[in-house]
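Observations on the model geometry
Here are the chains, one letter per residue:
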Amino acid sequence: MARKSTVARLDPRIRQAVDKLVREDRATIDQIVDKLEELLGDDAPSRSAVGRYVKNTREQMQRYREAQELAKVWVGKLEEEPSGDVGRLLSEMLRTVAFQQLAGAGDEGAEISTKEVAMLAGALRDLNTADKVAMDRELRIRQEVAKQAADKATEVAKRGGLSAEMVNDLRRELLGIAK
């Protein structure tokens, strides 16, 4: 298992201060190192350790910002057509992320708690429930549309002078009902 960064192992209050400096982009790596040496003396992390930590933190922040922008686009599309392709794609994307998280649990250095596994399992269960609800809703809509079309066709057929038997056959055919 990979070792935790020396910066990540710092006292949480000090690490939060470092994170704030990185997040706000207010200090250079050298300024952060100087501050840590001032606070911790010889126990301060090396410049290269701070540099790696800053680089990783900035990369994570960039990925987070990109994910936020992408999420805004998807949410906008989802609001326009909640049961369309975007809704199904979003559901699949979330499912893929959950499975990648679980698959990554076996990677060297990766740790996943039972709480995280339970949360992922709950998320997958909720996704499956949402998919079922969406499918049921779509099926009900299709059945209602077919019923309305059959009603209209029956009405037109009756006005056209078709026999009651022919009208019933037409209605059953449109609704997909076997004789």
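Coordinates for the structure precede this section.
What this report covers is the structure whose coordinates are included nearby. Just so we're clear, the structure is a prediction, and the values are computed from it rather than from any experiment.

1. Quick word on the nonpolar core
The biggest cluster of nonpolar side chains holds 16 residues, and the ones touching the most others in it are Val-7, Val-18, Val-22, Ile-32, Leu-36 and Val-50. Contributing elements (two or more residues each) for this core: helix 1 (12-24), helix 2 (29-40) and helix 3 (47-80). Aside from chain neighbours lying at most four places away, what touches Leu-36 is Leu-10, Ile-14, Val-18, Gly-41, Ala-44, Pro-45 and Val-50.

2. Focus on the pattern of salt bridges
Inspection of every chain in the model, using the stated rule, returns eleven salt bridges. In this structure, Asp-136 engages Lys-132 in a salt bridge whose closest nitrogen and oxygen atoms are separated by 2.9 Å. Taken together, the residues Asp-136 and Lys-132, both in helix 5 (residues 114-159) and four residues apart, mark about one turn of the helix. Between Arg-159 and Glu-155 there is a salt bridge, with its nearest N and O atoms 3.2 Å apart. Taken together, the residues span about one helical turn, with Arg-159 and Glu-155 both in helix 5 at a distance of four residues. Under the relative-accessibility criterion, Arg-159 is labelled exposed at 62%. In this structure, a network of salt bridges that share partners links the residues Lys-152, Glu-155 and Arg-159.

3. Concerning the packing of helix 1 against helix 2
Each packed pair of helices is defined by two parameters, the angle between the axes and the distance between the axes. Direction vectors running N to C along helix 1 and helix 2 enclose 165°, while the axes themselves pass 11 Å from each other. Classified by the angle their axes make, helix 1 and helix 2 are roughly antiparallel. Like other packed secondary-structure pairs, helix 1 and helix 2 cross with a definite hand, here right-handed. Residue-level inspection shows Ile-14, Val-18, Leu-21 and Val-22 of helix 1 in contact with helix 2, the latter providing Ile-32, Leu-36 and Leu-40. Of the residues contributing to the contact of helix 1 with helix 2, the split by class is seven nonpolar, no polar and no charged.

4. Topic: helix 1
The first and last C-alpha atoms of helix 1 sit 18 Å apart over 13 residues, in line with the 18 Å expected at 1.5 Å per residue. Three or more residues of helix 1 are buried, namely Ile-14, Val-18, Asp-19, Leu-21 and Val-22. On an axial view of helix 1, the arc spanned by its buried residues comes to 160°, and they lie on one face. Looking at helix 1, the residues exposed on the side facing more than 90 degrees away from the buried face are Arg-13, Gln-16 and Arg-23.

5. Regarding helix 6 (residues 164-175)
Each α-helix turn comprises 3.6 residues. Residues three or four places apart therefore point the same way. Given a rise of 1.5 Å per residue, twelve residues ought to cover 16 Å, and the 16 Å separating the end C-alpha atoms of helix 6 matches this to within 8%. Phi turns positive, to about 75°, at Gly-176, one or two residues after helix 6.

6. Some thoughts on a nonpolar patch on the surface
On the surface, a cluster of nonpolar side chains totalling about 330 Å² of accessible area is made up of Leu-162, Met-166, Leu-170 and Leu-174. Relative to the assigned elements, Leu-162 resides in the loop between helix 5 and helix 6.

7. Some thoughts on the environment of Ala-121
Residue position: Ala-121 is located in helix 5. Spatially, the C-alpha atoms of Ala-121 and Phe-99 are 9.7 Å apart, while their sequence positions differ by 22 residues.

8. Here's the deal with the side chain of Thr-154
Locating Thr-154 in the fold gives a position in helix 5. Among the residues examined, Thr-154 registers a relative accessible area of 10% and is labelled buried.

9. As for a negative patch on the surface
Among the surface-exposed residues, Asp-34, Glu-37, Asp-42 and Asp-43 lie close enough to one another that they form a single negatively charged patch. Position of Glu-37 among the secondary structure elements: in helix 2. Given a relative accessible area of 41%, Glu-37 falls into the partly exposed group.

10. Concerning unusual backbone geometry
It is generally the case that most residues other than glycine have a negative phi and that most peptide bonds are trans. Phi is positive for Asp-25, close to 55°, though the residue is something other than glycine. By the secondary structure assignment, Asp-25 is in the loop between helix 1 and helix 2. Here Asp-25 falls in the exposed class, since its relative accessible area comes to 54%.

So, how was this worked out
- Residues numbered from 1 in each chain as written.
- Predicted model: local features only at pLDDT ≥ 70, side-chain atom pairs only at ≥ 80, totals over all residues.
- Heavy atoms only, no water.
- Core = buried A, V, L, I, M, F, W, Y, C linked by side-chain atoms within 4.5 Å.
- Buried < 20%, exposed > 50% of the residue type's maximum accessible area, 1.4 Å probe, protein only.
- Helix = DSSP H or I, 4+ residues; strand = E, 2+ residues; numbered from the N terminus.
- Contact = heavy atoms within 4.5 Å.
- Salt bridge = Lys/Arg side-chain N within 4 Å of Asp/Glu carboxyl O.
- Axes fitted to C-alpha atoms, helices over the stretch in contact; angles between N-to-C directions.
- Parallel < 35°, antiparallel > 145°, perpendicular 65-115°, else oblique.
- Left-handed = near helix turned anticlockwise from the far one by under 90°.
- Nonpolar A, V, L, I, M, F, W, Y, C, P; charged D, E, K, R; others polar.
- Expected span 1.5 Å × (residues − 1).
- Arc of directions from axis to C-beta.
- Patch = residues over 30% accessible without salt bridge, like charges linked within 9 Å, V, L, I, M, F, W, Y side chains within 5 Å.
- Areas by Shrake-Rupley, 256 points an atom, 1.4 Å probe, with all protein chains shown as cover.
- Lys, Arg positive; Asp, Glu negative; His and termini not counted.
- Charge placed at Lys NZ, Arg CZ, Asp CG, Glu CD.

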